Amino acid sequence: MKPETEAALAEMISAADGPLFIRGGGSRDVAVAGAVLETGGLRGITLYDPGSLTLVVKAGTPLDEIEAALEAEGQRLAFEPMDHRGLLGTSGAPSIGGVVAGNISGPRRIQAGACRDFLLGVRFVDGMGQIIKNGGRVMKNVTGYDLVKLMAGSWGTLGVLTEVSLKVLPKPEAAACLLIHGLQDAEAVAAMSKALGSPFDVTGAAHTPSGVDGHPVTMIRIEGFEGSVSYRAKKLREMFADRDVRVETEPARVSAGWRWVRDVEPMHGSTGDVWRVSMKPSDTPDLVQALRSEGFVKSVLYDWGGGLVWIETEPGKDIRTTGLKGHATLVRASDAARARIARFQPELAPVAALSDGIRCKFDPRGILNPGVMTQ
Amino acid sequence: MQMPAPDATIIARKPRIVARLRQVLPPDAVIDDPAETRAYECDALTAYRCPPLAAVLPGNTQEVADVLRVCHEEGVPVVPRGSGTSLAGGALPTADSVILGVARMNAVLETDYDNRFIRVQTGRTNLSVTGAVEENDFFYAPDPSSQLACAIAGNIAMNSGGAHCLKYGVTTNNLMGVTMVLLDGTVVELGGAHLDAGGLDLLGVVCGSEGQLGVVTEATLRILRKPEGARPVLIGYDSNEVAGACVSDIIKAGVLPVAIEFMDAPCIRATEDFAQAGYPDCEALLIVEVEGSEAEIAEQLTKIKDIARRHNPVELREATSDDEAARIWLGRKAAFGAMGSINDYMCLDGTIPVSELPYVLKRIGEMSQEFGLAVANVFHAGDGNMHPLILFNANEPGQLETCEAFGAEILKLCVEVGGCLTGEHGVGIEKRDLMTDQYDPADLEIQMAVKDVFDPGWLLNPAKVFPLEVSQSRRARQIAAE
Ligand SMILES: Cc1cc2nc3c(=O)[nH]c(=O)nc-3n(C[C@H](O)[C@H](O)[C@H](O)COP(=O)(O)OP(=O)(O)OC[C@H]3O[C@@H](n4cnc5c(N)ncnc54)[C@H](O)[C@@H]3O)c2cc1C
């Protein structure tokens with residue numbers, strides 16, 4: 001099924017008599033058994049008002065198309081959505097609906113916010129085939145409950161998005177990246193905390209224990225007007241005067257470096273399971289240490305100043321047993337591991353009861369991507 | 001504005017209910033003397049008042065859970081309250097309800113500069129959150145004008161904003177986690193010191209739910225390092241259209257000021273009489289503030305001034321000292337007080353797409369003629385969040401009603417041009433009956449279904465947000481169940 005209009009989509013959902021697998025671009029590998037419902041027919045930019053920093057777009061629109069339109073006005077999606085294709089070995093053109101449904105957010109999340117923070121409004125069709133809207137296209141809106149946030153990251157289990165409104169931001173004039181060499185994980189997280197706790201408006205802080213040449217590199221990004229970027233780069237450099245620091249300002253190299261982090265390039269093409277762990281930054285090095293001592297860590301990449309850590313493990317290991325204070329998502333796994341280990345961290349009972357309750361209200365028949373978030 | 005008739009059977013059971021509340025709380029934390037419950041009869045929407053059955057002031061999450069369990073068993077509606085500064089009547093009680101005030105819960109529980117968060121009890125005032133981290137040069141970003149008084153509890157319930165949210169976002173963008181008690185006494189933790197919540201974003205729904213889903217007792221908030229400096233410029237124009245175009249151009253140019261505030265002629269004149277800030281006598285005035293080091297401020301202000309000049313300002317004044325900066329802000333900060341000193345006023349807060357500013361201001365001017373009431377506009381222009389202040393005289397019969405009718409027309413206009421009824425103050429009772437102008441029945445039904453999940457008996461702040469006739473059957477369920 002591939003509806004061309006919201007009304008047709010509503011019709012199909014209300015007529016459905018079994019599970020539906022909702023597919024946007026198909027790049028994020030969250031398949032379920034069921035009739036395939038593709039969103040690609042709902043396509044196009046409904047409204048783009050650069051002076052109000054707002055974009056309204058049909059959910060099936062490919063991300064490329066949106067990025068090109070924004071680029072033409074010198075603007076961008078500031079939450080820097082990750083492209084999962086390299087990591088998951090998938091193809092297809094990522095859609096904006098998929099980005100929103102997964103609340104897909106990149107390195108700039110620590111400073112600018114996540115996808116959900118830029119989402120101003122949604123239209124969707126619920127599990128009964130009803131068309132529903134929430135939020136709007138203005139930047140401040142507290143009219144009624146905020147179901148916009150709820151839809152972001154609901155992975156298609158509450159409704160099929162048909163249209164989303166997003167806040168966009170101007171692309172900065174310049175960017176620079178500090179590269180600090182040779183830090184151990186805990187030192188690196190401390191250094192990133194120091195940078196993020198400075199007044200210099202850091203928009204990215206990542207660390208790899210084994211960079212391109214096999215040595216540890218800590219990356220700190222700043223963006224803005226030319227003069228401001230060079231001033232802050234100098235100030236940050238002074239903060240780490242006792243370290244081996246280099247400043248990269250070549251635009252292509254800065255953006256390639258952050259794409260490498262955003263898309264978790266060090267884990268492309270390898271065979272381990274990939275976990276995405278969100279914790280308090282100062283706790284992640286200990287977790288990684290504990291897992292390393294158990295001997296099944298293949299590689300690690302820290303982002304969000306240490307608040308996000310990508311961990312590649314030997315296939316089939318469940319890292320949630322290591323007393324993790326945060327949550328871990330199994331992003332890439334062998335079929336055998338998938339069958340045994342839930343993709344998302346199971347929720348505590350009272351919270352799970354609320355989530356289940358909400359799913360039952362939005363999709364009483366349980367036909368929209370059933371089990372995607374709970375199995 | 002109507003409120004549902006109180007349930008006489010609950011009022012009749014007052015002695016028993018109060019006695020049960022006394023069993024679970026310290027003696028001075030239960031207030032039932034009619035002379036004292038009067039203190040809780042309204043919030044900042046003072047046109048509507050009603051003392052509650054009783055008020056309770058628990059000291060921690062456990063006591064909140066105990067109170068809610070009692071109210072659940074007794075079938076008594078509960079109205080959570082922070083500092084009572086809501087402009088929408090969000091904390092207005094009914095005669096059969098218990099006010100649950102969190103004012104005594106104002107402790108800082110944890111401060112973590114490395115991980116950049118603070119955990120507080122929600123009765124703590126907004127400004128004192130910044131106060132707790134200021135000595136280390138950190139701050140909590142959302143800054144409602146009421147920040148000296150309003151509590152984090154109310155900020156979360158209303159998803160409050162402030163002058164600086166153009167850059168830093170509103171409450172929901174700075175809230176990392178909460179401890180919340182459901183009406184049946186269940187304690188839940190949503191989010192926390194880590195950035196992404198797993199599972200559905202329930203935290204996102206709780207923020208802005210106006211005290212209808214649970215009582216929030218503790219909050220984890222993102223704190224930020226203070227910028228090196230900040231400086232405003234004041235730009236005067238002889239028309240609203242031109243000022244609106246200037247705002248749009250600043251935004252498009254890639255400068256991201258922390259604040260762009262807008263005042264129109266009636267507002268400029270009234271505040272000038274009141275506060276003597278030295279504002280030019282013009283049609284429209286913008287205050288644009290940027291942050292950073294000296295050089296960064298200069299770089300941004302040069303760009304802003306260039307744009308401003310292209311629109312032929314009647315005044316362009318850059319602060320050259322802290323004192324001058326304070327004078328630029330003086331009038332803006334005194335605007336509400338200035339209005340209050342000449343008249344009663346009603347403050348609206350509809351949001352519109354920035355590009356619609358000139359049209360909407362023109363229409364408001366025309367409507368002001370039609371309704372015969374003056375309006376002053378002062379608002380957050382960068383994000384289109386309007387604050388039309390309608391002036392009226394409460395002592396003159398019929399004026400409040402005319403003012404409300406006028407206000408409703410302005411809000412409908414906001415919706416018509418692609419905006420919404422409220423950008424930061426919330427729906428409460430004030431905009432409740434206009435919800436059907438913004439939302440279709442199915443849109444409201446699904447929102448109410450969310451409340452059904454958190455509060456199946458509809459006991460938490462039941463008469464707010466949704467038009468009474470729309471929520472009627474659900475509220476009736478609660479009475480039938482007794
Ligand atoms: C002069 C003035 C200026 C203002 N300026 C701004 C502004 O710039 N920006 C802005 O956004 N607002 C502004 N406001 C509105 C108001 O201050 C905010 O809505 C504020 O967040 C309310 O906080 P409070 O603690 O006073 O809440 P209250 O008025 O006590 O309650 C507000 C709502 O929160 C609910 N609530 C309270 N505590 C809890 C809890 N523990 N758990 C769950 N729900 C709870 C209540 O039931 C009610 O619905 C202003 C108000 C005034 C009077």
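It should be noted that the structure appears before, not after, this text.
Figured I'd write up the structure that's included with this text. (Residues numbered from 1 in each chain as written. Chains lettered and ligands numbered in written order. Predicted model: local features only at pLDDT ≥ 70, side-chain atom pairs only at ≥ 80, totals over all residues. Heavy atoms only, no water.)

**A word on the sheet that holds strand β17 (residues 375-380) of chain B**
Residue and element names in this part refer to chain B.
Then, in step 1: Spatial ordering of the open sheet is given by β15-β12-β14-β13-β17-β18-β16, a layout of 7 strands whose pairing is antiparallel. The sheet terminates laterally at β15 (315-318) and β16 (344-347), the two strands that pair on one side only. The mean inter-strand angle of the sheet, taken between neighbouring strand axes irrespective of direction, is 15°.
Then, in step 2: Here β17 pairs with strand β18 (residues 388-392) via 3 bridges, running antiparallel. Paired with Ala376 across the two strands is Leu389, which belongs to β18.
Then, in step 3: In this fold helix α10 (residues 265-275) packs onto β13 (259-264), β14 (284-291) and β17, with an angle of close to 90° to the strand it touches most, β13.
Then, in step 4: The strands touched by helix α14 (residues 399-416) within the sheet are β16, β17 and β18, with β18 carrying the most contacts at an inclination of about 160°. (Pairing = 2+ DSSP bridges. Helix = DSSP H or I, 4+ residues; strand = E, 2+ residues; numbered from the N terminus. Axes fitted to C-alpha atoms, helices over the stretch in contact; angles between N-to-C directions. Contact = heavy atoms within 4.5 Å.)

**A word on the pattern of salt bridges**
All names here are of chain A.
Then, in step 1: If you walk through the whole model with that rule in mind, you get 61 salt bridges over all chains.
Then, in step 2: Put simply, Glu223 and Arg108 hold a salt bridge, and the shortest N to O gap is 2.9 Å. Residue Glu223 is located in strand β12 (residues 217-224), and its partner Arg108 is located in the loop between α4 (96-101) and α5 (115-118); the two are separated by 115 residues in the primary sequence.
Then, in step 3: By relative accessible area, Glu223 is classed as buried at 11%.
Then, in step 4: A salt bridge links Asp185 to Arg292; the shortest N-O distance between them is 3.2 Å. Of this pair, Asp185 sits in helix α7 (residues 185-196) while Arg292 sits in helix α10 (residues 284-294), placing them 107 residues apart in sequence.
Then, in step 5: Exposure remark for Asp185: the relative accessible area of 10% places this residue in the buried category.
Then, in step 6: Exposure remark for Arg292: the relative accessible area of 32% places this residue in the partly exposed category.
Then, in step 7: Among the ionic contacts, a cluster of salt bridges with common partners joins Arg76, Glu80, Arg108, Arg221 and Glu223. (Salt bridge = Lys/Arg side-chain N within 4 Å of Asp/Glu carboxyl O. Buried < 20%, exposed > 50% of the residue type's maximum accessible area, 1.4 Å probe, protein only.)

**Some thoughts on unusual backbone geometry**
Then, in step 1: Its identity as a non-glycine residue notwithstanding, Asp201 of chain A has a phi of 50°, on the positive side.
Then, in step 2: Relative to the assigned elements, Asp201 of chain A resides in the loop between α7 and β11 (204-208).
Then, in step 3: We classify Asp201 of chain A as partly exposed; its relative accessible area is 31%.
Then, in step 4: With phi around 40°, Asn461 of chain B is a residue other than glycine that occupies positive phi space.
Then, in step 5: Within the secondary structure, Asn461 of chain B sits in the loop between α16 (441-454) and α17 (468-480).

**Brief notes about the environment of Val100 of chain A**
Residue and element names in this part refer to chain A.
Then, in step 1: In this fold, Val100 is placed in helix α4.
Then, in step 2: According to the relative accessible area criterion, Val100 is buried, its value standing at 0%.
Then, in step 3: For Val100, the contacting residues outside a window of four places in its chain are Cys115, Leu119, Met151, Ala152, Gly153, Leu161 and Val164.

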